[in-house]
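Chain by chain, the residues:
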Amino acid sequence: MLEGTAQQTSAMPRLPAYARDLDAMTLTAEGAGFQLGLTMILQKKLPFLLTLILAFALVRVPCLAHAALISASPQDGATVPSGEVVIQLRFNSRIDSKLSRLTLLKAADQSVVQALETSPVSEGLKARAPDLGAGAYTLEWQILSLDGHLTQGKLNFRVER
């Protein structure tokens, strides 16, 4: 009968070292009155794992934020000479230039001077406003970033005589 038992144990597959360690962790600790098992280990590590996942999720958030204006020419509040004004806006992420627009307004009465024909530049827009007379102007811009967020803003400048 003992030989039959020995044959059954030898027929059992040998577990890899990590599996034997996990199996050993499920044993009841003698005298302590609790079971040190895989469940207990997961309960201790689960908050850490969830925190780690949340941290990675939050790190990606700035990548999905709205495109922000990082430079403008002319700058907000600038004074430029009369004649043709080259307008260039750059953003912190790529934009869809076909669905973005620039509109030039007379600051005094907010009348539209012209919708500007834009050409794409690296992460921004460029336009030319020919023959601007002296006065204050507002450039309204609206852009669509490639992540689908719509961003808009204004900048003011003056054209001198």
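Residues numbered from 1 in each chain as written. Predicted model: local features only at pLDDT ≥ 70, side-chain atom pairs only at ≥ 80, totals over all residues. Heavy atoms only, no water.

Looking at unusual backbone geometry
Alright, step 1. Following serine 73, the chain continues to proline 74 via a peptide bond in cis, the omega torsion being 0°.
Alright, step 2. Here proline 74 lies in the loop between β1 (69-73) and β2 (78-80).
Alright, step 3. One non-glycine residue, glutamine 110, adopts positive backbone phi at about 60°.
Alright, step 4. Tracing the backbone through its elements, the reader meets glutamine 110 in the loop between β4 (95-106) and β5 (112-116).
Alright, step 5. Backbone geometry at aspartate 131 places phi at a positive 50°, although glycine is not the residue there. (Helix = DSSP H or I, 4+ residues; strand = E, 2+ residues; numbered from the N terminus.)

Looking at the nonpolar core
Alright, step 1. One finds Leu89, Leu102, Leu104, Leu116, Leu132, Leu139 and Phe157 to be the most contacted residues of the largest nonpolar core, which totals 22 residues.
Alright, step 2. Secondary structure elements with two or more residues in this core: β3 (83-91), β4, β7 (124-132), β8 (135-145) and β9 (150-159).
Alright, step 3. In this view, leucine 89 contacts Leu69, Ser71, Ala72, Leu102, Glu123, Gly124, Leu125, Leu139, Trp141 and Leu155; residues no more than four positions away in its chain are not counted. (Core = buried A, V, L, I, M, F, W, Y, C linked by side-chain atoms within 4.5 Å. Buried < 20%, exposed > 50% of the residue type's maximum accessible area, 1.4 Å probe, protein only. Contact = heavy atoms within 4.5 Å.)

The values are spatial; any link to function lies outside them.
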